[in-house]
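Tertiary structure, described
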Amino acid sequence: MILNTHIGKWEIKYNEKNIAAKKLWNAVAESYKPEIHKLNDEETVLLFWVR
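The rules behind each value
Residues numbered from 1 in each chain as written. Predicted model: local features only at pLDDT ≥ 70, side-chain atom pairs only at ≥ 80, totals over all residues. Heavy atoms only, no water. Pairing = 2+ DSSP bridges. Helix = DSSP H or I, 4+ residues; strand = E, 2+ residues; numbered from the N terminus. Axes fitted to C-alpha atoms, helices over the stretch in contact; angles between N-to-C directions.

**Notes on the sheet that holds strand β1 (residues 8–15)**
Overall, antiparallel pairing links the 3 strands, which are arranged β1-β3-β2 in an open sheet. In the strand order of this sheet, the two ends are held by β1 and β2 (35–38), each with one partner. Looking at each pair of strands side by side, their axes are set apart by 20° on average, direction ignored. Pairing analysis gives 4 bridges linking β2 to strand β3 (residues 43–50), with the strands arranged antiparallel. Residue pairing in the sheet places Glu35 in a bridge with Leu47 of β3.

Interpretation in functional terms is not warranted from these geometric data alone.
Structure representation (C-alpha cells):
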C-alpha cells in the first residue's frame, strides 16, 4: 500500500548478506517488474516505476 501512495520512480538498495531484506524487497517489488542491478558482490538495487 505504501508504494501505491507514492507514485513515481523507486530505487531500493539492499545488502545481499541481509537475507531478510533481500526476501522482503524482492517480494514487495515483484509485481512492479523491477530492473535488478548488482552493484558489487554485496549491494543490489531494484529500480521500478509505480504508476
